[in-house]
Amino acid sequence: MRKGGPLKNGWDKNAPDTARSEKLFMEMADLMVSEGWRDVGYQFLCIDDCWMAPTRDEQGRLQPDPKRFPSGIAKLAGYVHSKGLKLGIYADVGNKTCAGFPGSYGYYELDAETFASWGVDLLKFDGCNCNSVDLLADGYKTMSRALNKTGRSIVYSCEWPLYQKFKQKVNYTEIRQYCNSWRSFTDVYDAWSSIQAILDWTALHQDNLTSAAGPGGWNDPDMLVIGNFGLSSDQQITQMALWAMMAAPLLMSNDLRHISAASKALLQNKEVIAINQDPLGKQGYRITKDNGFELWERPLSGGAYAIAVMNRQEIGGPQTYRVDLAFLGNGLACNPACSIQQILPTSRNLGLHNWVSSFKMLVNPTGTALLKIVVIKEKRSLGIL
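Everything numeric here is computed off the predicted structure, so don't read it as measured data.

### Some words on the confidence of the model for the protein
For step 1, the next point in the chain: For the protein, mean pLDDT is 93; residues scoring 70 or higher make up 93% of the total.
For step 2, the next point in the chain: Residue range residues 1–6 is modelled with pLDDT below 50. Its contacts to residues more than four positions away, or to other chains, number 25 contacts.
For step 3, the next point in the chain: Predicted confidence is poor over residues 381–385, with pLDDT under 50, and the contacts of this stretch with residues over four places away or in other chains come to 8 contacts.

### Some words on the packing of helix α3 (residues 108–118) against helix α4 (residues 133–150)
For any two helices packed against each other, the geometry is given by the interaxial angle and the distance between the axes.
For step 1, the next point in the chain: Running from N to C, α3 and α4 point in directions that differ by 40°, and their axes come no closer than 8 Å. For the element pair α3 / α4, the angle class is oblique. Our pair here, α3 against α4, has a crossing hand that is right-handed. Contact residues: α3 offers Y108, E109, D111, A112, E113 and A116, while α4 offers G139, T142, M143, A146, L147, K149 and T150.

### Quick look at the pattern of salt bridges
For step 1, the next point in the chain: Taken as a whole and judged by the stated rule, the model has 19 salt bridges.
For step 2, the next point in the chain: Through salt bridges with shared partners, a single ionic network connects D48, K124, E159, R183, D187 and D222.

### Section: the side chain of T366
For step 1, the next point in the chain: Topologically, T366 is positioned in the loop between β15 (358–363) and β16 (368–376).
For step 2, the next point in the chain: Assessed through its relative accessible area of 5%, T366 is described here as buried.
For step 3, the next point in the chain: A distance of 3.4 Å separates the side chain of T366 from the side chain of Q235, its partner in a polar contact.
For step 4, the next point in the chain: In this view, T366 contacts W192, S232, D234, Q235, T238, N311, Q313 and E314; residues no more than four positions away in its chain are not counted.

### Focus: the state of the cysteines
A covalent bond between the sulfur atoms of two cysteines is referred to as a disulfide.
For step 1, the next point in the chain: What the rule picks out here adds up to 3 disulfides.
For step 2, the next point in the chain: The disulfide bridge from C98 ends at C128, spanning 1.9 Å between sulfur atoms. Taking the sign of the S-S torsion, 90° for the link of C98 and C128, the bridge is right-handed. Of this pair, C98 sits in the loop between β3 (86–92) and α3 while C128 is found in the loop between β4 (122–126) and α4, placing the two residues 30 residues apart along the sequence.
For step 3, the next point in the chain: Among the residues examined, C128 registers a relative accessible area of 15% and is labelled buried.
For step 4, the next point in the chain: Here C158 is linked by a disulfide to C179, with a sulfur-sulfur distance of 2.1 Å. Judged by the sign of its S-S torsion, about -95°, the cystine formed by C158 and C179 is left-handed. Linking C158 in strand β5 (residues 155–158) with C179 in the loop between α6 (172–178) and β6 (181–183), this pair joins segments that are 21 residues apart in sequence. Of the two residues, C158 and C179, both sit in the buried class.
For step 5, the next point in the chain: Among the cysteines of the protein that take part in disulfides, numbered as they appear in the sequence, the pairing is 1-2, 3-4, 5-6.
For step 6, the next point in the chain: This cysteine, C50, is not joined by any disulfide, and C98 carries the nearest cysteine sulfur, 9.6 Å off.
For step 7, the next point in the chain: C128 supplies the cysteine sulfur nearest to C130, a cysteine that is in no disulfide, at a spacing of 10 Å.

Criteria and cut-off values
Residues numbered from 1 in each chain as written. Predicted model: local features only at pLDDT ≥ 70, side-chain atom pairs only at ≥ 80, totals over all residues. Heavy atoms only, no water. pLDDT = per-residue confidence, 0-100. Contact = heavy atoms within 4.5 Å. Axes fitted to C-alpha atoms, helices over the stretch in contact; angles between N-to-C directions. Helix = DSSP H or I, 4+ residues; strand = E, 2+ residues; numbered from the N terminus. Parallel < 35°, antiparallel > 145°, perpendicular 65-115°, else oblique. Left-handed = near helix turned anticlockwise from the far one by under 90°. Salt bridge = Lys/Arg side-chain N within 4 Å of Asp/Glu carboxyl O. Buried < 20%, exposed > 50% of the residue type's maximum accessible area, 1.4 Å probe, protein only. Polar contact = N/O pair within 3.5 Å; in protein donor to acceptor, adjacent residues only side chain to side chain. Disulfide = S-S within 2.5 Å.

Below, the structure written as structure tokens:
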């Protein structure tokens, strides 16, 4: 497993269209710098499936499509690195990628060496076209060892549990030994129903997921689709807030050339990113689901907590939800007192509270209020006794 601290944040192009080219990725690298994405923590520029030529070269090496990447991946990596960014690439554990391009089966060490020689910083390793669970597991383990053998620090993003779970119980402890992040659920798409399905599945399996997550290894609920067309503004806030709560990699799938100001501000919200990147590395979890609302909490460093109040109702107007502070953090989140800051949908100070108090949040349908609670040990000095 590659050593790793912070989660990977960045931009990914995964739609199989003819516009995917070195020119596009260089343009995105330029925008990630000029529009402030790099400065708030988005580091990776990732190429998804369909970048390859249909066949390997005479030495058996993967090669990029000569029309769309005429300068080669190494030159693109150099350009990306010159911008203070990192380059990610896609490959597959099986005989072919999901789109039918050459897979890495039988070529794991060669492909790892190739990626390292090009200056690649992240490998997304898919699981299509693999004939058995044993071959799947062996392939992911072998590629992990091959990446380590190169001596280059390459983040290893796996889809191992996504393909394994249909045939046998997933051992997340084992997967964490080899991968830096792992997908367990189906691909996200630009629709509220997709976001809901990911959140529902995550909450249902959260005991297994949260115990595996931590610095160096993360559950990946898939990409942010904020800035596209399928989510309302409230739903975009919900995805950003809950991905921060889940300690998820923040990898955008959108067009930075045409993103709205509101979506850009949301994705670049430093307070939300700080929760996502909190060094304690604990993944958040749902603690209650009641009357159309869900309440999620996430322990943060320094004894603080992030809280998400999500309104799952899709009709009507804003609804009120009462938060009882004694219920949060097993009674420790506001004991004996705390300050509460609302981060989303807007930033505002909710003041000082004690552990037996409660407060009400007004939340739009399909929207989320994201809060940060900081415990105060010395009540008397703040005048709340």
